[in-house]
Amino acid sequence: MHQLWLIPAFPLAGFLINGIAGRRLSKTAVNIVAIGSVLLSFLWVLKVLAGLGSLDDVHVERYFTWIQSGIVNVSFDYAVDRLSAVMLLIVTGIGLLIHIYATGYMSHEGGYYRFFAYMNLFMFFMLTLVLAANYLVLFVGWEGVGLCSYLLIGFYFHKKSAGDAGKKAFIVNRIGDFGFSLAIFLIMVTFGSLDFGQVFSKVQPMAVEHQAGTITLICILLMVGAAGKSAQLPLYVWLPDAMEGPTPVSALIHAATMVTAGVYMVGRSAPLFNHAPIALDVVAIVGLLTAVMSATIGLTQYDIKKVFAYSTVSQLGYMFLGLGVGAYSAGIYHVMTHAFFKALLFLGAGSVIHALAGEQDLRLMGGLRKKIPVTFLTLFCAAIAISGVPPFSGFMSKDAILLAAHHHHPWMYWVGVVTAGMTAFYVFRAIFMCFFGTYRGTAHPHESPLSMTVPLGILALLSLGGGFLDVPRYLEPMFGGEHAPHDTSLVVISVMAGAAGILLAFLFYIVKPGLADAVSRAFGPVYRLVYDKYRVDELYDATIVHPTRDGSRILLWRGFDVGIIDGIVNGTGSLARLIGGALRHMQSGYIRRYAAWVVLGAIVLMAAATQMGGRR
Amino acid sequence: MNLLDIVLFLPAIGFIIGLLLPRENTSLIRNFTIAFSLLVFVVSLGLIPNVLDNPGGSSFVTDRVWIEYPAIRYHVALDGLSLWLVILSTLLTPICVLISWKYIQKQTKGFYAFLLLLEFGVIGVFVSLDLFLFYVFWEVSLVPMYFLIGIWGHEKRIYAAVKFFLYTLTGSLLMLAAIIWLYNKSGTFDLLLLTDMIQKGRLALTSGESFWLFLAFFFAFAIKVPLFPLHTWLPDAHGEAPTAGSVMLASVMLKMGTYAIIRVCLPLFPNAAREAAPYIITLAIIGIIYGALVAMVQPNMKRLVAYSSVSHLGFVILGIFTFTQTGMDGAVYQMLSHGVSTGALFILVGYLYERRHSLEIADFGGVSTPAPWLSTVFVITTLASVGLPLLNNFVGEFLVLQAAMQVNILYAAFAAVGVILSSVYMLWMVQRTFFGETPDEVKRHVFDMTGREWAAMVPLLILMVWMGIGTQSFLPPIRANNVKTLEMVQPPAAAINAQAAPVKAVVEVRDAN
């Protein structure tokens, strides 16, 4: 036993302490509990992984029977293999840095203890998700992180927009969970177990479904769940709104960890997906479409966090593209590098927002590189990492995905390359608008405290060099080697697409600042449509939300319930009124008389029974 | 005279003593009722070990003649199905006293006396094994609830009370007719005896006969559940009832219906039940979705929670009529879970009412600023209600949906829509009530939870977590009893079908593609 349960137990304890007593604790004490619990968890991960060595086999720990009934027998088990080892390090490592950062970022905010209680609770559920040894325990973590996401997006609960965004996130995720839970039920019926080990060993000898069958259906339902959690088409709409939450939340939950849970879950289910090539194609195409579509929206946004949010959606699409073309380890590789540079982008953006006393509009920034140089430098590192500049982390993982995509279907590679170009453009557009030119706002920018800049620095180093952590090789025993031939010309093309994006941004926002507006005017209606995020929210409102709400009110409630059923009931109502009147007389206020009525009623009934008679 | 008899008759004794107390001494009445109901609860805990030791059989059996002719027996017992329902009833009664402490200002004596009479009635329903005795308790529980709504309710209380009474009475008259019909055929009211006679073929009912008898019983029980479309009394009853009335109604009385379906309908009329199952499941699933949709648009909190009960109880019915171990276990677990979390919701809504004197969601907003703990507890209860894992409702819903998948993938898919909708209506209410700007009226009147209010909520909060994680504390007796019920329901050949079911479901999935 390596006491895996301690890994999530530390943050759970932190949550309980800060949640129950935090109001009475000093900020320092809250910090110690919050950071300390995540630090202990991180250290325990290191100790466990050191103790487990090369992890050639999965290490399972069984704790207790959770639900047992009929065909269901689910126990609460944790397990570690190489895939979860990678995720554990990402979650606790990045989580620790963001917790430290948040002590600086949130220092002026009300509800300090509440914030850290939720953050620790999130860590508990995220670690449960990663450690789960069966689908139902994974589902516990899955729902739990969704809950924390809801609570933290709505952290500024007096703001209606924050409450709306939190609710939207929870409900859209629940739509995804609808698919995920049906998949779980179907797995149970098909394989008689939810345990990863058992399910995967049972699927091994089964035939690959070249025509859709049960496994394909299971996998597509799993993908519906993943699309909810990881913000893929058509369920991505909650993630941009989720930026209503405090920025450390955006970094931790809505960039580095929780939103990659869908990728993790699909990667975890690789043995199932390998038997369902149709489902894999669905994954790849959904990922690719999401990547392109959200990248185009990212080109047009002015809110710095929204730009990075659409970028997250787009990068998640990349990860699904990787999974869908069978390059699972490349997908997970991108999960890791993305955790580095996207956490950094958000934390850097947070540092900018902090410096500008809450300003998020890129049009009101500019020229900040001299005023907040550390933030600028670190953000710049993140920008070159995500833009695919070799040999930094984003280049390494994106390349692995693109090569695998080309091997699968060349057109997927080309779409991916175009997206890479757009990615470089919108990230550098944000960098240039924020840090170059002249300052267009009215605040008094100041550099952030050490508690914020040190995590930025560490993440900058990871963004630059993190690609050399060879995740694909480490995961090879799990997913098998991925044999996309190395093709230098393809690599050069994708790097050039990134370079083109950066240069174009340089041209638009540094060399000829008026050009961007001219172009957007030239493409008026199209630009408008993209700027309005293709009006997908409005479409959903008009076709789903409003019809459901109004239909329920007018047809079901007032029409059917009150109109028809109660109409019939009250129609028999002359009778009702008659008896009602009689009963009103009875209600003369004397308990004794009520009691008498009770007794009388009983006697009448007994007499009736006797009269009806019966045989002995 | 065994422990079960004591637990059953203690509330009746309390009712009588309560009537003898001086009307004007309110504090004496309250203190007496809380002490007495706590006593009943503590004594009832003594029932647990025996049932756990003998989960498949009956414990605390008392079977003696009550009336010679017609042959009505006082036959009571406790088993894995009734145990937790009895405990739930004895737990909720003192909680109801606590939450009525300040809320009930007029005619306190009558109120608390009726509360104990109600406890007597519902425990009686859960332990009776003689159909006539069962019927008497069924009616005994109806009367105090009628008065709780009619005297201590809100503005439209008379309408609501009469509607409640008439709906239930219509059902119970049909049930009475069916009981008497059975008696005429067999000469006994004894449920176990009747079951045995039917199983062994000594009481031959034509299939038409058993169909109509099944329908009569089922109709009475379905009204109580309530099953769509027989539910329209529920929003009115809940909307107008005082908090304690709503709590007892939702947590305990609705379960009388689902309990009775398992206890009476399935063993007596297994064939009719199986034939009717697809239709009943359809109604249950309509109820799940319909209840959720209508809950979503309710402007009144209590009516919202009432419609949510229609939705949640639909899961119970669905689980029962899958006739699988998983589904029935899930159904019974869902009955208990719903009792805990919906009871808690009504209590919390009652707390809000006591502060703001309104149940309209629009009259609230930003409550979490003046009352952070009240909001926290409300959110936890909401999460339990929407089926978040590690909390109570998840277990029942999971098992029921799993069983639905075993039978037909479409059942599972449609019912699971209800899970999505539950988070829609609950979170929307939470948001409008607790978050956002705080209006002046709310600022002025709303304060955080008091010690007495905590005392009422803490046991329920503990149960939400305990039932969500430690299911092994509660499930084994339920399971053992359902094994027994299923043996009676399944025709001999069905055992094979049950094993083949998974394969069949898979094949259906294939066909669907």
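Residues numbered from 1 in each chain as written. Chains lettered and ligands numbered in written order. Predicted model: local features only at pLDDT ≥ 70, side-chain atom pairs only at ≥ 80, totals over all residues.

Trainee: Any chance you could break down the overall build of chain B for me, citing the residues and the numbers?
Mentor: In terms of regular secondary structure, chain B is built from 21 helices and two strands. A compact globule built from 513 residues should have a C-alpha radius of gyration of about 24 Å, and chain B, at 22 Å, falls within 12% of that. A principal-axis box enclosing the C-alpha atoms of chain B has dimensions of 70 × 65 × 40 Å. Going through the 513 residues of chain B one by one, you find that 64% of them count as buried. Pairs at least 24 apart in sequence give 80% of the contacts found in chain B among residues at least 6 apart. (Helix = DSSP H or I, 4+ residues; strand = E, 2+ residues; numbered from the N terminus. Rg over C-alpha atoms; globule rule 2.2 N^0.38 Å. Buried ≥ 20, exposed ≤ 12 C-beta atoms within 10 Å, placed from the backbone. Contact = placed C-beta atoms within 7 Å.)

Trainee: Give a description of helix α23 (residues 524-531) of chain A that names residues and reports values.
Mentor: α23 of chain A sits mainly on the outside: zero of its eight residues count as buried. Directly after α23 of chain A, the chain includes Lys533 of chain A, whose backbone phi takes a positive value near 55 degrees.

Trainee: Quick rundown of the interface of chain B and chain A? Include the residues and the values.
Mentor: Of the residues lining the interface, 69 residues belong to chain B; the matching set on chain A comes to 60 residues. It is helix α17 (residues 409-434) of chain B that provides the largest number of residues to the side of chain B that touches chain A, a total of 11 residues.

Trainee: Got a sec to walk through the packing of helix α15 (residues 328-355) of chain A against helix α19 (residues 450-465) of chain A? Specific residues and values, please.
Mentor: Residue and element names in this part refer to chain A. Following both chains from N to C, one finds α15 and α19 inclined at 150 degrees, their axes separated by 9 Å at the closest point. Here α15 lies roughly antiparallel to α19, going by the angle between them. Relative to α19, the crossing made by α15 is left-handed. Here Phe340, Phe341, Ala343, Leu344, Leu347, Gly348 and Ser351 of α15 come into contact with α19, specifically with Met452, Pro455, Leu456, Leu459, Ala460, Leu462 and Ser463. (Axes fitted to C-alpha atoms, helices over the stretch in contact; angles between N-to-C directions. Parallel < 35°, antiparallel > 145°, perpendicular 65-115°, else oblique. Left-handed = near helix turned anticlockwise from the far one by under 90°.)

Trainee: Give me the nonpolar core: which residues, what numbers.
Mentor: In this structure, Met223 and Ala343 of chain A together with Ile179, Phe217, Cys265 and Leu318 of chain B are the most contacted members of the largest nonpolar core, which totals 437 residues. Residue contributions to this core peak at 18 residues, all from helix α6 (residues 131-152) of chain B. Residue contacts for Cys265 of chain B: discarding those within four places in its chain leaves Phe214, Phe217, Phe218, Phe221 and Ala273 of chain B. (Core = buried A, V, L, I, M, F, W, Y, C linked by C-beta atoms within 7 Å.)

Trainee: Report on unusual backbone geometry, specifying residues and quantitative values.
Mentor: Backbone phi values are negative for most residues with the exception of glycine, while trans is the configuration of most peptide bonds. Here the bond from Leu233 of chain A into Pro234 of chain A is cis, since omega is -5 degrees, no more than 30 degrees from zero. Tracing the chain through its elements places Pro234 of chain A in the loop between α8 (214-229) and α9 (238-241). Between Val225 of chain B and Pro226 of chain B the backbone carries a cis peptide bond, its omega angle lying at -10 degrees. On the secondary structure map, Pro226 of chain B appears in the loop between α9 (207-224) and α10 (233-240). Its identity is not glycine, yet Leu55 of chain A carries a phi of approximately 55 degrees, on the positive side. Examined against the element boundaries, Leu55 of chain A turns out to sit in the loop between α2 (27-52) and β1 (59-69).

Trainee: I'd like a description of the pairing of strand β2 (residues 72-80) of chain A, backed by residues and values.
Mentor: All names here are of chain A. Summarising burial for β2: seven of the nine residues are buried, a large majority. Bridge count for β1 against β2 is nine bridges, and the pairing is antiparallel. Within β2, the residue paired with Glu61 across the bridge is Tyr78. Remark: two residues form the turn of the hairpin made by β1 and β2, two consecutive strands paired antiparallel; Gly70 in that turn has positive phi of roughly 55 degrees. (Pairing = 2+ DSSP bridges.)

Trainee: Which residues make up the confidence of the model for chain B, and what values do they have?
Mentor: Mean pLDDT for chain B: 89, with 96% of residues reaching 70 or above. In the model output, the complex is listed with pTM 0.90 alongside ipTM 0.89. (pLDDT = per-residue confidence, 0-100.)

Trainee: Got a sec to walk through helix α5 (residues 108-127) of chain B? Specific residues and values, please.
Mentor: If you check α5 of chain B, its first and last C-alpha atoms are 29 Å apart, about what 20 residues at 1.5 Å a residue would give, namely 28 Å. Across the 20 residues that make up α5 of chain B, a large majority, 20, are buried. (Expected span 1.5 Å × (residues − 1).)

Trainee: Outline the confidence of the model for chain A, listing residues and values.
Mentor: On average, chain A scores 87 in pLDDT, and the residues at 70 or more come to 92%. Of all secondary-structure elements in chain A, the lowest mean pLDDT belongs to helix α26 (residues 591-612) of chain A, at 57, while helix α11 (residues 261-268) of chain A reaches the highest, 95.

Trainee: Any chance you could break down the pairing of strand β1 (residues 59-67) of chain B for me, citing the residues and the numbers?
Mentor: All names here are of chain B. As defined by bridge partners, β1 adjoins strand β2 (residues 72-78) across six bridges and the pair is classed as antiparallel. Its bridge partner lying in β2, Arg64 is registered against Tyr74. As consecutive antiparallel partners, β1 and β2 are separated by four residues.

Trainee: If you had to explain the environment of Ser314 of chain A to someone new, which residues and values would you point to?
Mentor: Along the chain, Ser314 of chain A falls in helix α14 (residues 304-324). Non-local contacts of Ser314 of chain A, meaning those with residues more than four positions away in its chain, are made with Ala291, Ser294, Ala295, Gly298, Thr419 and Thr423 of chain A.

Trainee: Report on the environment of Ala416 of chain B, specifying residues and quantitative values.
Mentor: Residues and elements named next belong to chain B. Positionally, Ala416 belongs in helix α17. The class for Ala416 is buried, based on 22 C-beta atoms found within 10 Å. Taking the C-alpha atoms as reference, Ala416 lies 16 Å from Thr326; in sequence the two are 90 residues apart.

Trainee: Which residues make up the environment of Tyr351 of chain B, and what values go with them?
Mentor: All names here are of chain B. On the secondary structure map, Tyr351 appears in helix α14 (residues 325-356). With 24 C-beta atoms counted inside 10 Å, the residue Tyr351 sits in the buried group. Sequence spacing of Tyr351 and Thr450 is 99 residues, and the spatial spacing of their C-alpha atoms is 10.0 Å. Ignoring sequence-local partners within four residues, the contact set of Tyr351 consists of Leu374 and Glu453.

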